[in-house]
Amino acid sequence: MSRQRPLILAVDDEPANLALMRKLLTHLGYDVAEAADGISALRATEDLGPDLVCLDIMMPDLDGIEVCQRIRRLPENEGLPILLLTALSRPEEKARGLEAGANDFLSKPFDESELAARLRSLLRTKALQDRLTDLLKRYVSDSIAVEVLRDPGATTLGGDRRHVSTLFADVRGYTAMASQHSPEQALDLLNRYLTVASEAVESHGGTVADLLGDGVFAFFGAPVMHSNDPERAVRAALELQAQVALLDIPSMPGVRLQAGIGITSGEVLAGNIGSQRRMHYAVVGDPVNVASRLQTMAGPGQILIDGPTHDAVSALVISQDLGSLRLSGKGDWVPTFNILALKVPQA
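Quick summary incoming for the structure in this document. Fair warning: this is a prediction, and the values are worked out from it, not measured in the lab.

### Description of the pattern of salt bridges
This structure, assessed with the given rule, holds 13 salt bridges. In this structure, Asp104 and Arg118 form a salt bridge, with 2.9 Å as the shortest nitrogen-oxygen distance. Within this pair, whereas Asp104 is found in strand β5 (residues 104-107), its partner Arg118 is found in helix α5 (residues 112-137), the two being separated by 14 residues in sequence. Judged by relative accessible area, Asp104 falls into the partly exposed class, the value being 22%. Given a relative accessible area of 25%, Arg118 falls into the partly exposed group. Shared partners join several salt bridges into a network, and the residues in it are Asp12, Asp56 and Lys108.

Next comes the structure, spelled out in structure tokens:
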């Protein structure tokens with residue numbers, strides 16, 4: 001959330017203490033929101049999204065430790081700095097606060113210079129983490145960025161078995177178009193197409209694993225799983241096709257794009273692939289290979305899916321049974337369906 005000045009949430013059940021905090025924080029150049037109890041603090045954190053929380057420990061009903069724990073349970077609050085204010089100096093109290101997720105302590109009574117120093121330090125750390133998060137999200141999907149920032153172990157090689165729906169999408173005729181236009185025009189086309197494709201995948205809870213020239217490799221079910229990942233994949237594919245057909249490319253007037261898409265569902269290994277110095281999050285397994293080959297076979301505007309995916313979405317879509325196809329490089333025959341549209345819900 002972009003603000004001209006950081007917003008600090010001050011939490012204390014004593015009106016005099018809140019008034020003092022408001023005066024000090026305002027004098028230091030911060031915007032201030034207030035909460036007089038733990039429940040109000042949780043509500044204000046959710047509604048306002050403060051940049052830092054100054055939290056008193058000694059409060060009735062819901063004390064500062066419990067408030068801190070509840071704030072930290074939400075993934076979106078992973079990087080929210082929490083400064084605990086306490087009149088207690090016992091080491092066990094500080095230990096409890098740190099275990100609950102607090103970033104720092106300030107013992108009462110405190111002076112303005114000490115408060116200012118701790119606030120600047122915490123906000124500086126948050127600003128660096130926010131920039132890192134923003135940078136990371138430019139190179140990987142949001143779900144992967146969150147996983148990496150939350151769990152350092154997420155950057156080790158290896159993975160686990162997951163039931164995943166895999167999607168490959170590719171622009172039809174791109175090579176011919178690129179040969180007839182300048183590199184700048186070809187890059188403009190690619191960027192516009194890949195933006196539409198990535199947004200279609202991520203808006204349905206999918207993960208964009210890689211951008212393969214004029215193609216997209218994505219999956220649904222890792223690192224975040226949903227009960228309806230095949231449906232999400234098919235809905236994303238239909239949205240992708242619709243948006244690509246409408247895509248206007250000012251540098252290439254009159255050019256209209258179409259994509260070929262392949263989707264499969266099945267058990268894969270999901271995790272980090274590569275080396276210790278360079279890796280990316282992906283899925284590996286036969287369903288991935290089949291999805292890639294279905295995409296290759298798909299005509300302009302087609303969405304080809306395998307049998308397991310069709311079994312999961314047949315009640316929701318209008319489809320065409322293409323029978324069993326023998327895919328390039330595969331000895332097996334693969335039952336294949338062409339997705340035409342979503343069914344219109346009955347009134």
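The discussion continues.
### Comments concerning helix α10 (residues 286-297)
Here α10 spans 17 Å end to end across 12 residues, near enough to the 16 Å set by a 1.5 Å rise per residue. Within α10, the full set of buried residues consists of Pro287, Val288, Val290, Ala291, Leu294 and Gln295. Taken down its axis, α10 places every buried residue within 160° of arc, on the same side.

### What about the side chain of His310?
Structurally, the position occupied by His310 is in helix α11 (residues 307-313). A relative accessible area of 12% places His310 in the buried class. Within the structure, His310 has its side chain in polar contact with the side chain of Ser319 (distance 2.8 Å). Residues in contact with His310, not counting those within four places in the same chain, are Ile305, Ser319 and Phe337.

### Notes on the environment of Gly173
By the secondary structure assignment, Gly173 is in the loop between β6 (158-171) and α7 (174-179). Sequence-wise, Gly173 and Leu257 are 84 residues apart; in three dimensions their C-alpha atoms are separated by 8.3 Å.

### Overview of the nonpolar core
Tyr193, Leu240, Leu257, Ile261, Ile263 and Ile303 are the most contacted members of the largest nonpolar core, which totals 39 residues. Contributing elements (two or more residues each) for this core: β6, α7, α8 (183-203), β8 (215-220), α9 (229-246), β9 (259-274), β11 (303-306) and β13 (333-342). With nine residues, α8 is the largest single contributor of residues to this core. With residues near it in sequence (within four places) discarded, Ile303 still touches Ala237, Leu238, Gln241, Ile261, Ile263, Phe337, Asn338 and Ile339.

### Quick word on unusual backbone geometry
In this structure, the amide linkage connecting Ala222 to the following residue, Pro223, adopts the cis form with an omega of -5°. At Asp61, a residue that is not glycine, the phi angle is positive and equals roughly 65°. Within the secondary structure, Asp61 is located in the loop between β3 (52-56) and α3 (64-72). In this structure Asp61 comes out as exposed when scored by relative accessible area, which is 87%.

### What to know about the packing of aromatic side chains
Enumeration over the complete set of coordinates arrives at two aromatic pairs. A centroid spacing of 4.7 Å and a plane angle of 0° characterise the contact between Phe168 and Phe217, whose relative ring orientation is stacked. Residue Phe168 is found in strand β6, and its partner Phe217 is found in strand β8; the two are separated by 49 residues along the sequence. Side by side, Phe168 and Phe217 carry an identical accessibility label, which is buried. Ring centres of Phe217 and Phe219 lie 5.8 Å apart, and the angle between their planes is 65°; on these two criteria the pair is classed as edge-to-face. In this pair, the class of Phe217 matches that of Phe219, namely buried.

### A few points about a nonpolar patch on the surface
A surface patch of nonpolar side chains, amounting to about 230 Å² of accessible area, comprises Leu269, Ile273 and Val284. Note on placement: Val284 falls in strand β10 (residues 279-284).

### Considering the environment of Leu74
Positionally, Leu74 belongs in the loop between α3 and β4 (82-86). Taking the relative accessible area as the measure of exposure, Leu74 reaches 38% and is therefore partly exposed. With 28 residues separating them along the chain, Leu74 and Glu46 place their C-alpha atoms 9.7 Å apart.

### Focus: the packing of helix α2 (residues 38-48) against α3
For any two helices packed against each other, one specifies the crossing angle of their axes together with the interaxial distance. Between α2 and α3, the least distance of the axes is 10 Å, while the angle of their chain directions is 25°. In terms of orientation, α2 lies roughly parallel with respect to α3. Between α2 and α3 lies a crossing whose hand is right-handed. Contacts between α2 and α3 involve Gly38, Ile39, Ala41, Leu42 and Thr45 from the former and Val67, Arg70 and Ile71 from the latter. A class-by-class count of the residues in the contact of α2 with α3 yields five nonpolar, two polar and one charged.

### What about the side chain of Arg172?
For Arg172, the location among the structural elements is in the loop between β6 and α7. In this structure the side chain of Arg172 is engaged in a polar contact, spanning 3.0 Å, whose partner is the backbone oxygen of Ala298. Sequence-distant contacts of Arg172, defined by excluding residues within four places in its chain, comprise Met177, Gln258, Ala259, Gly260, Gln295, Thr296, Ala298, Gly299 and Pro300.

### A few points about the sheet that holds β5
Backbone-to-backbone hydrogen bonds pair the strands of a sheet. The strands run either parallel or antiparallel. Ordered by their spatial adjacency, five strands build an open sheet running β2-β1-β3-β4-β5, and the pairing between neighbours is parallel. Strand pairing shows two members of the sheet lacking a second neighbour, β2 (31-35) and β5, which therefore form its edges. Averaged over all adjacent pairs, the angle separating strand axes in this sheet is 20°, with direction ignored. Sheet topology note: the β4/β5 ladder contains four bridges and is parallel. The residue bridging Leu85 from the neighbouring strand is Leu106, located in β5. Sheet contacts for α3: β3 and β4; angle to β4, the most-contacted strand, approximately 175°.

About the thresholds
- Residues numbered from 1 in each chain as written.
- Predicted model: local features only at pLDDT ≥ 70, side-chain atom pairs only at ≥ 80, totals over all residues.
- Heavy atoms only, no water.
- Salt bridge = Lys/Arg side-chain N within 4 Å of Asp/Glu carboxyl O.
- Helix = DSSP H or I, 4+ residues; strand = E, 2+ residues; numbered from the N terminus.
- Buried < 20%, exposed > 50% of the residue type's maximum accessible area, 1.4 Å probe, protein only.
- Expected span 1.5 Å × (residues − 1).
- Arc of directions from axis to C-beta.
- Polar contact = N/O pair within 3.5 Å; in protein donor to acceptor, adjacent residues only side chain to side chain.
- Contact = heavy atoms within 4.5 Å.
- Core = buried A, V, L, I, M, F, W, Y, C linked by side-chain atoms within 4.5 Å.
- Phe/Tyr/Trp six-rings, centres within 6.5 Å; stacked < 30°, edge-to-face > 60°.
- Patch = residues over 30% accessible without salt bridge, like charges linked within 9 Å, V, L, I, M, F, W, Y side chains within 5 Å.
- Areas by Shrake-Rupley, 256 points an atom, 1.4 Å probe, with all protein chains shown as cover.
- Axes fitted to C-alpha atoms, helices over the stretch in contact; angles between N-to-C directions.
- Parallel < 35°, antiparallel > 145°, perpendicular 65-115°, else oblique.
- Left-handed = near helix turned anticlockwise from the far one by under 90°.
- Nonpolar A, V, L, I, M, F, W, Y, C, P; charged D, E, K, R; others polar.
- Pairing = 2+ DSSP bridges.

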